[in-house]
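Here is what each chain is made of, one letter per residue.
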Amino acid sequence: MQRLMIVDDSSVIRKVAKRILSGLDFLVSEADTGDQALMHCQAQLPHILIVDATMPDALEIIAAVRQLPGGAAVRIYYCLVEADLKSMMQGKRAGADDFLIKPFDRRILTSVFGHLSKTLA
């Protein structure tokens, strides 16, 4: 089962995303702070990491995960409220692989992550 972590300070976002992504056969963990996310990642890296861009330390979380042993293999999604080029470039420079725009729903999450639950090793 693929591990996926959601890092977002909104409990509602984490709860909704966890419910949907668990239904896609991911083992979903949550973190509401950067420190909590890094502690989880140091214990066991997820295959996929979703980091909310509005968190004050979002870029630092991404960069720190990339520096962990095995961190280069984590697929990191930088979650933005709007497709802002400056923010997207900052996310890319920090090490994000892709972007996710909020608000998201079941259709969007299924479209983005549905095939990944079975293809990642």
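The structure reproduced in this document is the subject of the present report. Please read these numbers as outputs of a predicted model, since none were measured by experiment.

Quick look at unusual backbone geometry now. A cis amide bond, omega 0°, links Lys-102 with the succeeding residue Pro-103. Within the secondary structure layout, Pro-103 lies in the loop between β5 (98-101) and α5 (106-113). Even without being glycine, Asp-25 reaches a positive phi, approximately 70°. Tracing the chain through its elements places Asp-25 in the loop between α1 (11-22) and β2 (26-31).

Turning our eyes to something else, we now look at the packing of helix α3 (residues 58-67) against helix α4 (residues 85-94). Where α3 contacts α4, the two axes come as close as 8 Å, and the packing angle between them is 25°. Of the possible angle classes, the one that applies to α3 and α4 is roughly parallel. Here Leu-59, Ile-62, Ala-63 and Arg-66 of α3 lie close against α4, whose contacting residues are Gln-90, Gly-91 and Ala-94. Taken together, the residues of the contact of α3 with α4 break down into four nonpolar, two polar and one charged.

About the cut-offs
Residues numbered from 1 in each chain as written. Predicted model: local features only at pLDDT ≥ 70, side-chain atom pairs only at ≥ 80, totals over all residues. Heavy atoms only, no water. Helix = DSSP H or I, 4+ residues; strand = E, 2+ residues; numbered from the N terminus. Axes fitted to C-alpha atoms, helices over the stretch in contact; angles between N-to-C directions. Parallel < 35°, antiparallel > 145°, perpendicular 65-115°, else oblique. Contact = heavy atoms within 4.5 Å. Nonpolar A, V, L, I, M, F, W, Y, C, P; charged D, E, K, R; others polar.

Shape is all these values report; function is a separate question.
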